[in-house]
Amino acid sequence: MNEEILVDARDLRCPLPVLRLARAVRGLPAGSAATVLATDPAVEHDVPAWARMRGHAVLTCEQVAGTWRITVLVGPPA
Amino acid sequence: MLPEARAAWLAALDDGWSDPRRLHREGGTARMLLDGAREAVAELLGVRADEVSFPPDHARTAAAAVLGCALPGAGHVVVSAVEHSAVLHAASWPGPGTGRRRVVEVAVGSEGVVDTSAFVAALTGAGLACLQHGNGEIGTLQPLAPVHAAAAAAGVPLVVDAAASLGQVPLPSAFDVLLGAPRSWGSVPGVGLLVVRRAVRWRAHEPGESSASRPAGEVPGEVDVPAALAAAVSLRTVLAERGGDGAITGSGDADRRHELVSQVRRAAAGIRDVQVHGPAEHRLPHVVTFSVLYLPGDELVRRLDAAGFAVASGSACTADTLRPSHVLAAVGGLSHGNVRLVLPREVSSAAVGRFCSTLPRVVEDLRRELGVVDL
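Keep in mind it's a predicted model, so treat the numbers as computed, not measured.

Draft legend 1. Geometry of the overall build of chain A. What chain A contains, in helices and strands, is two helices and four strands. Mapped from its N terminus to its C terminus, chain A presents α and β elements in the order β-α-β-α-β-β. At 11 Å, chain A has a C-alpha radius of gyration in line with the 12 Å of a compact globule built from 78 residues. With the principal axes as the frame, chain A shows a C-alpha extent of 30 × 25 × 20 Å. For chain A, buried positions account for 46% of its 78 residues. Intrachain contacts of chain A at a sequence separation of at least 6 include 66% that bridge at least 24 residues.

Draft legend 2. Just the state of the cysteines, in detail. Residues and elements named next belong to chain B. Evaluated as defined, the whole model comprises zero disulfides over all chains. A disulfide-free cysteine, C69 has its sulfur positioned 8.4 Å from the sulfur of C130, the nearest such atom. On the basis of relative accessibility, which here comes to 5%, the residue C69 falls in the buried class.

Draft legend 3. Quick look at the sheet that holds strand β10 (residues 338–342) of chain B. All names here are of chain B. One open sheet holds the three strands; their spatial order is β8-β9-β10, and the pairing between them is antiparallel. Strands with a single pairing partner mark the edges of an open sheet, and in this sheet they are β8 (274–276) and β10. Between one strand axis and the next, the sheet turns through 20° on average, direction left out of account. Here β8 pairs with strand β9 (residues 287–292) via three bridges, running antiparallel. Bridge pairing in β9 places V274 opposite V292. Those strands touched by helix α12 (residues 349–370) are β8, β9 and β10, and its axis lies near 20° from that of β9.

Draft legend 4. Structural context of the pattern of salt bridges. All names here are of chain B. With the rule as written, the count across this model stands at 20 salt bridges over all chains. Ionic pairing is found between R256 and D253, a salt bridge with its closest N-O pair at 3.0 Å. With R256 and D253 both in helix α9 (residues 253–269) and three residues apart, the pair spans about one turn of that helix. What makes D253 buried here is its relative accessible area of 17%. Among the charged side chains, a salt-bridge network with shared partners connects E299, R302, R303 and E369.

Draft legend 5. Structural detail: the confidence of the model for chain B. In the predicted model, chain B carries a mean pLDDT of 90, and 91% of its residues have values of at least 70. Interface confidence for the predicted complex, expressed as ipTM, amounts to 0.95; the pTM equals 0.93.

Draft legend 6. Here's a closer look at unusual backbone geometry. Across the junction of C14 of chain A and P15 of chain A, the peptide omega takes the value -5°, indicating a cis bond. For P15 of chain A, the position within the fold is in the loop between β1 (5–9) and α1 (16–25). With a phi angle near 75°, Y294 of chain B is a residue other than glycine that sits in the positive phi range. Along the chain, the position of Y294 of chain B falls in the loop between β9 and α10 (297–306). For Y294 of chain B, a relative accessible area of 3% translates into the label buried.

Draft legend 7. Spatial organisation of the nonpolar core. All names here are of chain B. Core analysis: the biggest nonpolar cluster contains 60 residues, and L45, F54 and F119 have the highest contact counts within it. Top contributing element to this core by residue count: helix α8 (residues 225–240), with 10 residues. Ignoring sequence-local partners within four residues, the contact set of L45 consists of L166, L171, L178, L193, V195 and L235. Listed in part, the 52 residues of the second largest apolar core include A268, V339, V347 and L375.

Draft legend 8. Layout of the packing of helix α3 (residues 27–45) of chain B against α8 of chain B. Residues and elements named next belong to chain B. In the contact formed by α3 and α8, the axes pass within 8 Å of each other and the chain directions differ by 25°. With respect to their mutual orientation, α3 and α8 come out roughly parallel. Pair α3 / α8 crosses with left-handed handedness. Across from L33, L34, A37, A40, V41, L44 and L45 in α3, the residues of α8 making contact are A228, L229, A232, L235, R236 and L239.

Draft legend 9. Here's a closer look at the interface of chain B and chain A. The interface of chain B with chain A comprises 23 residues on the first partner and 17 residues on the second. Buried area between chain B and chain A, both sides added, is near 1800 Å², and the carbon and sulfur share of it is 60%. Of all residues in chain B, the largest losses of buried area upon contact with chain A belong to Y294, H336 and L375 of chain B, amounting jointly to 31% of the total for that side. At the junction of chain B and chain A, the tally comes to two salt bridges. In this assembly, chain B and chain A are joined by nine residue pairs in polar contact (both at pLDDT 80 or more).

Draft legend 10. Examining the side chain of R283 of chain B more closely. All names here are of chain B. When you line up the elements, R283 lands in the loop between β8 and β9. Notably, R283 is buried but unbridged: the nearest opposite-charge side chain belongs to E281, and the N-O separation is 5.4 Å. Here A280 takes part through its backbone oxygen, which lies 2.8 Å from a polar atom of the side chain of R283. Apart from the residues lying within four places of it in its own chain, the contact partners of R283 are G139, L141, V169, H258, V261, S262 and R265.

Draft legend 11. Here's a closer look at the sheet that holds strand β4 (residues 67–73) of chain A. Residues and elements named next belong to chain A. Taken in spatial order, the four strands of this open sheet run β1-β2-β4-β3, and their pairing is mixed. In this open sheet, the two edge strands, each paired with only one partner strand, are β1 and β3 (57–64). For this sheet, the mean angle separating the axes of adjacent strands, direction not counted, is 15°. Here β3 runs beside β4; their pairing, made up of seven bridges, is antiparallel. For T60, the partnering residue across the bridge sits in β4 and is T71. Packing of helix α2 (residues 43–54) onto the sheet brings it into contact with β2 (33–38), β3 and β4, and relative to β4 it is tilted by some 10°.

Reading the values: the criteria
- Residues numbered from 1 in each chain as written.
- Chains lettered and ligands numbered in written order.
- Predicted model: local features only at pLDDT ≥ 70, side-chain atom pairs only at ≥ 80, totals over all residues.
- Heavy atoms only, no water.
- Helix = DSSP H or I, 4+ residues; strand = E, 2+ residues; numbered from the N terminus.
- Rg over C-alpha atoms; globule rule 2.2 N^0.38 Å.
- Buried < 20%, exposed > 50% of the residue type's maximum accessible area, 1.4 Å probe, protein only.
- Contact = heavy atoms within 4.5 Å.
- Disulfide = S-S within 2.5 Å.
- Pairing = 2+ DSSP bridges.
- Axes fitted to C-alpha atoms, helices over the stretch in contact; angles between N-to-C directions.
- Salt bridge = Lys/Arg side-chain N within 4 Å of Asp/Glu carboxyl O.
- pLDDT = per-residue confidence, 0-100.
- Core = buried A, V, L, I, M, F, W, Y, C linked by side-chain atoms within 4.5 Å.
- Parallel < 35°, antiparallel > 145°, perpendicular 65-115°, else oblique.
- Left-handed = near helix turned anticlockwise from the far one by under 90°.
- Buried area = accessible area lost by both parts, 1.4 Å probe.
- Polar contact = N/O pair within 3.5 Å; in protein donor to acceptor, adjacent residues only side chain to side chain.
- Lys, Arg positive; Asp, Glu negative; His and termini not counted.

Shown next as C-alpha cells:
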C-alpha cells in the first residue's frame, strides 16, 4: 500500500504550493496519493490545472477555515 | 493614447473647461459642449443622444447600469462567470433598502464562451442579465445576438459590457444597456460611457441633480467635460478607421493586431508547459494572455520589463487583492506565471517580433534559476 504524501504549503504564496506538490510526487508510482495543504486561494484552481497538464487526477478538494486540502492521484508517467 | 484624444483634451483644458468656476459661470456653454459630445457619441453608436451619459469611470458605469436597472423585488441577476469584476461587484451589491440580490452565475467553456442555453434558461424569473461583448483578459467574444433575443422575449434587460471591445471589433447592437471605457479605445481617463435605451426602466441609484431623470440629465461639473469631449473625438477616429458602419476593413489596424496576437500565441504555445488562454481566431484583436507552469507571475513580469516589454499579469501575486483572475479560474486555466499583453493601436510589429523571440529565453533562464527544468 502506498504511503500517503502530505505537503504542508500553508502560508506559502503561488506558485510555491503547486511546486512543492510537484516535487513531492516526482518519481512516485501511478496510483500514489498526495495531499497539499495551502492557504493561498489560487490553489483551488491551480492544483487542478497542474494536474490536468501532468496527467494526475484530483480526488478531493475542500476548504476549512481558510485552508485548502487537495488530494491528487498520481497518473502514469508521461 | 490617441493623438486626437490628447489634442481635444488639451484644447478643452486650455479653454478652461475643467475649472469649476468657469463651468459655473458659463454653465450654459459647458452644457452645450457636453450635449455636443453626447450627440456625437450617440450618432457613432446608432443610439439617441438622451440615452448617452458619462459616469466618472468604468466601475461607476457598471454600478449605474446594474443598480439602476435591477429594481428591488424584480428577480435575480444573471451574469456570465467572466464578467468584469466591476459588473460582478455591482450585481451582488446589496444597496440601501434593496437587500442582497440573488445572482445566478452562468459557466463558460474552456475558451471562455458562455453556455448559451444555460444563460437563456437562467433568464426565467430574472430582473436583469449581464453579458459582456468581449473579454479584456482572454479576448473571448460572447454570443450576444441569441442571448439578447431570448432576454427580449423574456422581458429582461441585457447589460452589455463593451469596455474591452468598443473600437476594436464591429459595434454590438444587441443590447439594452451598453458600457464603454474610453480609455480602452485610446482616450484620456476621466469618464466612462453608459448607454441606456429609452425603453429600459432605469432610475438613478445615487443622489444628485439628475436623480429624477434619465442618465443623460447630467450636470457639467459632475462630468469631466474635457474627458467627455476627448472621448467623442477619439471614438470618431477609431470607428472611422474601420469603415463608417464599424465593420472591419481589410486594411484596418484591427487586422494587423489580430495577426500580431496570433504570433504571440504561437510563440507562447511553442514553449513547453505554457498554457495560452482564450480562442485562437474568434476573439478581440488586441489582447493575449498565457500562463507559465511553476513560474511566479510577478518575477516573470519583472524580467520581461527588464528586457524592454511592458506587460501585465493576472496572477494572484500581482493583484492588489492577492486573489487570482476569476476569468482564468472560470476557464479552468492556470493562473500562476500569468502574462497579459494589450497591444495599443500604434504597436510596432518589430517590437512584437522581438517579444516573441525573447520570451523563450526569459522563461528558460527563470526555470533554470528556480530549479524547475525537470519538474
